[in-house]
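Single-letter residue listing:
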Amino acid sequence: MRKWTVLVLAAAFAAPATALAQFRQPVLSPDGRLAVELSLDKGEAAYRATFNGRPILDRSRLGFRFSNAAPLDSGFRVAASQSLDHDESWSQPWGERRQMRDKYHGLILTLAAPDGRQLGVELRVFDDGFGFRYTLPGKPDDQLIVRDEETEFHFAQNYRTWSIPAYREKYSEYEYSRSSLSALQTAQTPLTLEGDGVALAVHEAALVDYSSMNLRMPEENSRMLKADLSPWPNGDRARVHGGQKTPWRVVIVANDAARLADSTIVLNLNEPNRLGDVSWVHPGKYIGIFWAMHTGLLTWEPGERLGATTERTRHYIDWAAAHGIKGVLVEGWNKGWEVPQWWVNGHSRFIFDEAQPAFDMRAISAYARSKGIDLIGHHETGAQVQDYLRQLGPALAYYDRYDVRSIKLGYVGTKLDSIYWPDSQYAVENLQKVVEAAARHHISVFPHEPVKDTGLRRTWPNLLSREGARGQEYNGGSPDTGNAPDHTTILPFTRLLSGPLDYTPGVFHFDYRATRPNNRVPSTLANQLALYVILYSPVQMAVDLPERYDEYPDAFRFIQDVPTDWETSRTLQGRIGEYVMTARQDRSSADWYLGAITNEAARTLSVPLDFLAAGKRYEAQIYADGPGADWRTAPDSVAISRRIVTATDMLELRLAPGGGQAIRFKAL
Ligand code: NOJ
Ligand code: CA
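All of these numbers come straight from a predicted model, not from anything done at the bench.

1. Some remarks on the overall build of the protein chain
If you tally the helices and strands in the protein chain, you get 12 helices and 37 strands. The C-alpha atoms of the protein chain give 25 Å as radius of gyration, which agrees with the globular expectation for 668 residues (26 Å, within 12%). Overall, the protein chain is about 75 × 60 × 45 Å in size when its C-alpha atoms are taken along their principal axes. A buried classification covers 63% of the 668 residues belonging to the protein chain. The long-range share in the protein chain, meaning contacts at least 24 apart out of those at least 6 apart in sequence, stands at 71%. When the accessible surface of the protein chain is summed, it comes to about 24000 Å², and 48% of that surface belongs to carbon and sulfur atoms. Each charge class in the protein chain was averaged separately, 74 positive and 81 negative side chains, and the resulting centres sit 2 Å apart.

Here's what the structure looks like:
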């Protein structure tokens, strides 16, 4: 890690006697385009922001109400202030880019309430957005119950928004709605907004020991959203202690959606790696006994069509080894899947250290090792957190014994332990326990139905990826016909702003109506390939069945080649809900990869190849939509070609309806 400068300018005043009743200080981003002003006016603390000289957030208030203490939202004076100027670089052990630049100007305000309690507000303004967090008053032994976090986001315009609602049955597994800001009622974060020459997103960073921040519009048809902390069952919004720092409230700011997608602010606002040497954490690709269950061919539960048998797993291991895919996931290997309606709250009885009779863990573990394959474990908890935590020690020891180094977690169910929202403080704290316990065994995890990502992978690099979106699984098995063709053109600008996504791309067979009357996958084969570049995840599944891939060995080549760990990444073009084009450079070679996808509209995109190294020749291996390709009628029409290119060339990408294109630029 190279540090350029870390400069702290401590300013002026500290004694309450001289505390200021009025205060106003703008903080400029290092490039000077974003200005965030913290102010105190008539005892109320607030912030506002402009970008390129235009207001993006009008006066938005800060403060708290508590159930067991007086509010901290008025009567303030500024007791101290301190300016910050920070510039540091750090590197990610794995990720979408190696080098990170943490450069900001900042301000720490100490606000004194009339009764002497102090509330800290720390603001950091980067080129790609700003974040602020509170330091709560009191000593570590003081218990505080937050009744309401009063943080406001009072937008300057009635922007277009892309959102999913909060507090619904399927939690984060919804398609995004486009609406005007004023039409929102609740939204989860990241919430994406655009218009008036700017793209914005509200999110949070470093969510630990606190409840997730959702957003609510208190006054219908307005431009003001307020923090709405996911409550405990009794209505407490967060249970905290004196001196605690809240998660960062983040507004990502960019000229356009493509720049928004490349922001690094959420990671920069997280704490550095706490695990030290994480050479035991491995990004990579995996196949699994999984899609056959989602599409109704096999079952998780024991019976004639049970998926997780020793024999089938051996076959998957052989196939993975022969095709250079490192991981094999097995769902349904353990006991408990036979319990009727395990997905209904309170029903599940999963056991995490006993295999069902058709699965011989000892033999499979030895076989995988002999073939150089990593087994990927699966812990479906059925949202029964206490039951899972009770079993966690033996469950991790069991996987450790059988050399299972990463686990897909699952929390299917509307509420955890039947009563806690899946984004509540309860969920946050309990996922954290699992991550830390797994790290002690040198095991990595990637949760489905998770708490939303807030960049904690920086601090805990064994927290690889998450679902927390309407994933590919909906295309295979959802009675509601699956995701619309534009879904994956929205995700990079919404869900992906929070972190990696285990979407499970790679479908090569599109029509499931024989077993799933409502389902077909709404994309072309080339589109599925492009998703490996577009939807970043350090663990990427090749979701389809080995026998499907055997039918298309030439197209499967792209999945074999594409890495999951990147030197750098750039979103080259994009319009939310229409198309997106992303380029990434492999971390372990000089190769580049490009993915482009479109919604249901065919389109042609031109791209200058100026991201490639100047003066170098590359073989472009192009996987394009083939003749007549169309997600409805000819999804598997793919045309594979090669040509020599350099950074001065330009390519034209023709994308079919629901189509895409994937390119490997192999350095020559
Ligand atoms: C939902 C998960 O998202 C999916 O990947 C998994 O196969 C099922 N639950 C069963 O655990
Ligand atoms: Ca899911």
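Back to the text.
2. Regarding the nonpolar core
In terms of nonpolar packing, the biggest core is built from 167 residues, with F130 and F155 touching the most fellow members. Top contributing element to this core by residue count: helix α7 (residues 425-440), with 9 residues. For this core, the domains that each give at least three residues are domain 1 (3-268) and domain 2 (474-498 + 514-536 + 546-668). Sequence-distant contacts of F130, that is, excluding residues within four places in its chain, are made with L34, V36, Y47, A49, L57, L123, R124, V125, R249, V250, V251 and I265.

3. Some points on the pairing of strand β28 (residues 444-447)
Side-chain alternation along β28 places S444 and F446 on one buried face and V445 and P447 on a second face that is also buried. As judged from the 4 bridges shared by strand β27 (residues 406-410) and β28, these two strands associate in the parallel manner. Directly across from I407, in β28, lies its bridge partner V445. Taken together, β27, α7 and β28 form a β-α-β motif whose crossover is right-handed.

4. Quick word on the site of ligand 1
Within the structure, ligand 1 sits among 13 residues, and H294, E331, E380, K408 and H448 are positioned closest to it. Between E380 and ligand 1, the recorded distance is 2.7 Å, taken from a side-chain N or O atom to an oxygen atom. Here the residues of the shell around ligand 1 are counted per class, giving 4 nonpolar, 3 polar and 6 charged.

5. A look at helix α10 (residues 525-534)
Along α10, 10 of the 10 residues are buried, which leaves the element largely enclosed by surrounding structure. Those residues of α10 that fall on the buried side of the exposure criterion are L525, A526, N527, Q528, L529, A530, L531, Y532, V533 and I534.

6. Here's the deal with the coordination of the calcium ion (ligand 2)
Taken together, E173 (OE), E449 (OE), E467 (OE), E467 (OE) and E473 (OE) make up the full set of protein donors to the calcium ion (ligand 2), lying 2.2 to 2.5 Å away. One way to put it: the 6 donor atoms around the calcium ion (ligand 2) meet at angles of 52 to 161°, and that makes the site irregular. For the calcium ion (ligand 2), the single-chain donor residues occur in sequence as E-x275-E-x17-E-x5-E. Taken as a pair, E173 in the loop between β13 (160-163) and β14 (177-180) and E449 in the loop between β28 and α8 (473-477) lie far apart in primary sequence, 276 residues in all. A relative accessible area of 10% means that E173 is categorised as buried. For E449, a relative accessible area of 17% translates into the label buried.

7. Focus: the environment of Q391
With respect to the helices, strands and loops of the structure, Q391 is situated in helix α6 (residues 385-401). Residue Q391 is classed as buried on the basis of its relative accessible area, which comes to 17%. For Q391, the contacting residues outside a window of four places in its chain are F350, I351 and F352. Of the polar contacts made by the side chain of Q391, one reaches the backbone nitrogen of F352; its length is 3.2 Å.

8. Re the environment of N158
Here N158 is to be found in the loop between β12 (152-154) and β13. The exposure class assigned to N158 is partly exposed, which follows from its relative accessible area of 42%. In contact with N158, not counting residues within four places along its chain, are S180, L181, S182 and R223. Within polar-contact distance, the side chain of N158 engages the backbone nitrogen of L181 at 3.2 Å.

9. Quick look at the domain arrangement of the protein chain
In terms of domain boundaries, the protein chain breaks down into domain 1 (3-268) and domain 2 (474-498 + 514-536 + 546-668). Put simply, the middle of domain 1 and the middle of domain 2, counted by C-alpha atoms, are 35 Å apart. The interface of domain 1 with domain 2 comprises 26 residues on the first partner and 27 residues on the second. Surface buried jointly by domain 1 and domain 2 totals about 2200 Å² across both partners, of which 54% is contributed by carbon and sulfur atoms. Inspection of the domain 1/domain 2 interface yields 1 salt bridge. A salt bridge links E567 to R98, with the shortest nitrogen-to-oxygen separation between them at 2.8 Å. Inspection of the region where domain 1 meets domain 2 yields 13 residue pairs in polar contact (both at pLDDT 80 or more). Residue assignment for the side of domain 1 that touches domain 2 shows that the elements contributing at least two residues are β16 (191-195), β17 (198-205) and α1 (257-261).

Cut-off values and rules
Residues numbered from 1 in each chain as written. Chains lettered and ligands numbered in written order. Predicted model: local features only at pLDDT ≥ 70, side-chain atom pairs only at ≥ 80, totals over all residues. Heavy atoms only, no water. Helix = DSSP H or I, 4+ residues; strand = E, 2+ residues; numbered from the N terminus. Rg over C-alpha atoms; globule rule 2.2 N^0.38 Å. Buried < 20%, exposed > 50% of the residue type's maximum accessible area, 1.4 Å probe, protein only. Contact = heavy atoms within 4.5 Å. Areas by Shrake-Rupley, 256 points an atom, 1.4 Å probe, with all protein chains shown as cover. Lys, Arg positive; Asp, Glu negative; His and termini not counted. Charge placed at Lys NZ, Arg CZ, Asp CG, Glu CD. Core = buried A, V, L, I, M, F, W, Y, C linked by side-chain atoms within 4.5 Å. Domains from an automatic or database assignment. Pairing = 2+ DSSP bridges. Right-handed = clockwise from strand over helix to strand, strands pointing away. Near = heavy atom within 4 Å. Polar contact = N/O pair within 3.5 Å; in protein donor to acceptor, adjacent residues only side chain to side chain. Nonpolar A, V, L, I, M, F, W, Y, C, P; charged D, E, K, R; others polar. Donors = N, O, S within 2.8 Å, 3.2 Å for Na, K, Ca; no water. Tetrahedral: all angles 85-135°; square planar, octahedral: opposite > 155°, others 65-115°. Buried area = accessible area lost by both parts, 1.4 Å probe. Salt bridge = Lys/Arg side-chain N within 4 Å of Asp/Glu carboxyl O.

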